[in-house]
Amino acid sequence: MGAENDLARPGARDPKAIVPAGDSASADAIRRLRKELADARAAKAAVPHLNAALAAVSAHQFDRAVKACRQALRHDPRNDLAHHVLGIAFEKLGDWASSLDAYEKALALKPDSPEIANDLGRLAFRMQMFPQAEALFRYHLAARPHAPESSNNLACVLREQMRYDEAIEVLKPAIQAAPDRPLLWNTLGTIMSDMGETEQAAVFFTETLRLDPGHLKARYNRSNILFALGDTETALEDCRSAMEATEAPDERATMGLALSTMLLASGDLPQGWEAYEARLSPHFHDPIHFLVNRPQWRAFDDIQGRHLLLIGEQGLGDEVLFANMLDDVLQALGPGGRLSLAVERRLVPLFQRSFPQIQVGAHHTFKRHGRNIRSVPWIGDWADVDLWAPLGQPLRQFRLSLEAFPERPQGFFRADPERIEHWRGQFAAAPGRKIGLVWTSMLINSSRRKYFSPIDRWGPIFATPGATFVNLQYGDCSADIDMVRREFGVEILQPQDIDLKMDLDDVAALASAMDLVIGPANATSNLAAACGVPTWLISTPGAWTQLGTDRYPWYSQARMFSAEAFGDWDPVIARIAGALSDFVGQGTRAAAAG
């Protein structure tokens, strides 16, 4: 299939795994480069090495291609073709920094080359250098007006910047000029998907498949859309068939992770956790490589009496979520076993207080040869560690059914009691119930935007009498707070002397001082729920973490408010406002009676 065009990513964690149309090492690209070599003026001694480099790229022997390019550059340091092919080889090896350097040198030597600009643009896209990618794709499109690939790539980078109308305007003339090109309809479908126009996206993906029934990315994209629309059986069938047929390892990994989330969201926990192993694939964009030289524990292997090390593997919110299982792991280790745990450094104090029987420290992630390496520097004697595993590994053994999730309304984290009292004192003079609010994530991009209800739609919540709202939202949210004050006449109180992004142990205490926390399932709301705080989570259709239920099994005291369709936030907000009015009223009556 190749890297033909972009994927919609409702089920995927990492949008950077996918690139726009074209493949710098495709057969067509190699033929074009061979023609360039035949026409180029190159040092005679460099030509055999350039031929060898192109042969190596064609055979996907990219290490050999790098060596041949370097030999050619020794004879001809200003050879743009050698730098171009070197950039291709490094890109395919995953060494993006070296690839970027080589492509930039090639373009500096041959600034009028739209092909170098296009290859460099795709790399910039993958590195999330979107303004640079846009400039390069615009240059390529200017050289090939309305060409399907050029239009597609520019539309993709505009979509990543959430400039949807501009992306659609780029695609319109290309579709009019070439209405039979499936990749254009597929990309239009991904734009509709990111905008939350689910039914329209399904139409465009189906049109792609009408034009090309073997278009695997469109089949995968449609599977996510059909799942969101409630057609689970067809969605799973589409996803499985696309994944089985695709040859690209990065796309198989993305599709495998999407399949796992569909299975989990359908309540099929055994198959879902098995498929969830795809999250650890080395073929994802920028995967984490664990620097551990000990045997890896597999679920169901006996660990009684052993020393097990678990290492956080994904985002901060996942580390909190997966802590749900730590008591089960401790029980399986038994009184003679030991558990060590490496988590994000901001979480270490909270984990250590909550689980004093676990040795807790911070993992450390760094770059080496363009790869993300995660180490555990505080382990002094690795021979003392019997087994290790990513933090999510116990899911496959200890959470195979909904009944396996404990009823634990008090949560499993313990915030600092002195800091809880501090925060209660800070807001003691504020009237009514204290409602902590979060409403977004710092990781908002084109594919994640639709999962968060805009705060300017929260008017009915802010109209609740007897509620004092407290900001728990990390990042610079001053514009949103000003908007709420201006539009709704409500002041969201700002806690003093706390960094809501960095001081997570204190954030847990602040959340624990609230009567209720409301918001999407981001890091802060997960912390609140894990501490046993009454938490109302705002969700979208088919959230996999609900595991096929209308609740949130990870936190038994959490309550879900889910939209019926993407973008359909008003009914959800109305339900929350009604429930909040009841919650505040109950508190007022309890205070009056007490």
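As a reminder, the structure under discussion sits directly above these lines.
Caption draft 1: Molecular detail of the overall build of the protein. The helix and strand inventory of the protein stands at 25 helices and 12 strands. For 594 residues, the compact-globule estimate of 2.2 N^0.38 gives 25 Å, and the C-alpha radius of gyration of the protein, at 26 Å, lies within 12% of that figure. Taking the principal axes of its C-alpha atoms as reference, the protein extends roughly 95 × 60 × 45 Å. Considering only contacts within the protein whose residues lie at least 6 apart along the sequence, 66% involve residues at least 24 apart. For the protein, the computed accessible surface area is about 24500 Å², with 50% contributed by carbon and sulfur atoms.

Caption draft 2: Focus on the sheet that holds strand E5 (residues 364-368). Taken together, the three strands give an open sheet; going across it, the order is E1-E6-E5, and neighbouring strands pair in mixed fashion. Of all the strands in the sheet, just strand E1 (288-290) and E5 have a single pairing partner and so form its edges. Neighbour-to-neighbour, the strand axes of the sheet open up by a mean angle of 35°, direction not taken into account. Of the strand pairs in this sheet, E1 and strand E6 (residues 371-375) are connected by three bridges, and their pairing is parallel. If you follow histidine 289 over to E6, its bridge partner there is isoleucine 373.

Caption draft 3: Structural detail: the packing of helix H13 (residues 232-245) against helix H14 (residues 249-265). Axis separation between H13 and H14 bottoms out at 9 Å; the angle between their running directions is 155°. Of the possible angle classes, the one that applies to H13 and H14 is roughly antiparallel. You can see that H13 and H14 cross each other, and the crossing is left-handed. Judged by residue contacts, Ala235, Leu236, Cys239, Arg240, Ala242, Met243 and Glu244 of H13 engage Arg252, Met255, Gly256, Leu259, Met262 and Leu263 from H14. Grouping the amino acids of the contact of H13 with H14 by side-chain chemistry returns nine nonpolar, one polar and three charged.

Caption draft 4: Structural detail: the packing of helix H11 (residues 198-211) against helix H12 (residues 216-228). Remark: H11 packs on H12, axes separated minimally by 9 Å, with the N-to-C direction vectors making an angle of 150°. Between H11 and H12, the crossing angle belongs to the class labelled roughly antiparallel. Regarding H11 and H12, the two cross each other, and that crossing is left-handed. Contacts between H11 and H12 involve Thr198, Ala201, Ala202, Phe205, Thr206, Thr208 and Leu209 from the former and Ala218, Arg219, Asn221, Arg222, Ile225 and Ala228 from the latter.

Caption draft 5: Local environment of the sheet that holds strand E2 (residues 307-311). With parallel pairing, the four strands of this open sheet are ordered in space as E4-E3-E2-E7. The sheet is open, and its two edges are formed by strand E4 (359-362) and strand E7 (387-390), each paired on a single side. Adjacent strand axes in the sheet meet at a mean angle of 20°, parallel and antiparallel pairs treated alike. The pairing of E2 with strand E3 (residues 338-343) spans five bridges and is parallel. Bridging from a neighbouring strand, histidine 307 pairs with arginine 338 of E3. Packed on one face of the sheet, helix H17 (residues 326-333) meets E2 and E3 and runs near 150° to E3.

Caption draft 6: Highlighting the packing of aromatic side chains. Counting across every chain of the model gives 21 aromatic pairs. When the ring of tryptophan 273 is compared with that of tryptophan 554, the centres are 6.3 Å apart and the planes differ by 80°; the resulting orientation is edge-to-face. Here tryptophan 273 is found in helix H15 (residues 269-275), whereas its partner tryptophan 554 is found in the loop between strand E11 (535-539) and strand E12 (559-562), with 281 residues between them in sequence. Judged by relative accessible area, tryptophan 554 falls into the buried class, the value being 2%. Ring centres 6.3 Å apart and planes at 40° place the aromatic pair phenylalanine 322 and tryptophan 554 in the tilted group. Residue phenylalanine 322 is found in helix H16 (residues 316-322), and its partner tryptophan 554 is found in the loop between E11 and E12; the two are separated by 232 residues along the sequence. For the pair formed by phenylalanine 322 and tryptophan 554, the shared burial category is buried. Among the aromatic residues, ring-to-ring pairing joins Trp273, Tyr276, Phe322, Phe405, Trp544 and Trp554 into one connected group. The lysine or arginine in question, arginine 433, covers the ring of phenylalanine 583, its NZ or CZ lying 4.1 Å from the ring centre.

Basis of the calculations
- In this numbering scheme, every chain counts its residues from 1 along its sequence in written order.
- It should be noted that, the model being predicted, local features are given only for residues of pLDDT at least 70 and side-chain atom pairs only at 80 or more, the latter also being counted only at that level, while totals for whole chains, interfaces and linings use all residues.
- Hydrogens are left out, water is left out, and the side-chain values use all remaining heavy atoms of the structure.
- Here a helix means four or more residues in a row that DSSP labels H or I, a strand means two or more in a row labelled E, and each is numbered from the N terminus.
- Here the globule rule reads 2.2 Å times residues to the power 0.38, and the radius of gyration is calculated from C-alpha atoms.
- Any two residues whose heavy atoms approach within 4.5 Å are treated as being in contact.
- Residue-level accessible areas treat just the shown protein chains as cover; the underlying method is Shrake-Rupley with a 1.4 Å probe.
- Strands are labelled as partners when DSSP assigns at least two bridges between them.
- Axis lines are fitted through C-alpha atoms, for helices just across the contact stretch, and the angle between N-to-C directions can take any value from 0 to 180 degrees.
- Angles below 35 degrees are treated as roughly parallel, those above 145 as roughly antiparallel, those between 65 and 115 as roughly perpendicular, and all remaining angles as oblique.
- Note on convention: near helix rotated counterclockwise from far helix by under a right angle means a left-handed crossing. Clockwise means right-handed.
- Side-chain classes follow a simple rule in which Ala, Val, Leu, Ile, Met, Phe, Trp, Tyr, Cys and Pro form the nonpolar group, Asp, Glu, Lys and Arg form the charged group, and the remainder, Gly included, forms the polar group.
- Two rings from Phe, Tyr or Trp (for Trp, the six-membered ring) form a pair when their centres are within 6.5 Å of each other. A pair whose planes differ by under 30 degrees is stacked, one over 60 is edge-to-face, and the rest are tilted.
- When a residue's accessible area, from a 1.4 Å probe over protein chains only, is under 20% of the maximum for its type it is buried; when over 50% it is exposed; and in between it is partly exposed.
- Put simply, a charge is over a ring when the Lys NZ or the Arg CZ is close to the ring centre, within 6 Å, and near the line of the ring normal, within 35 degrees.

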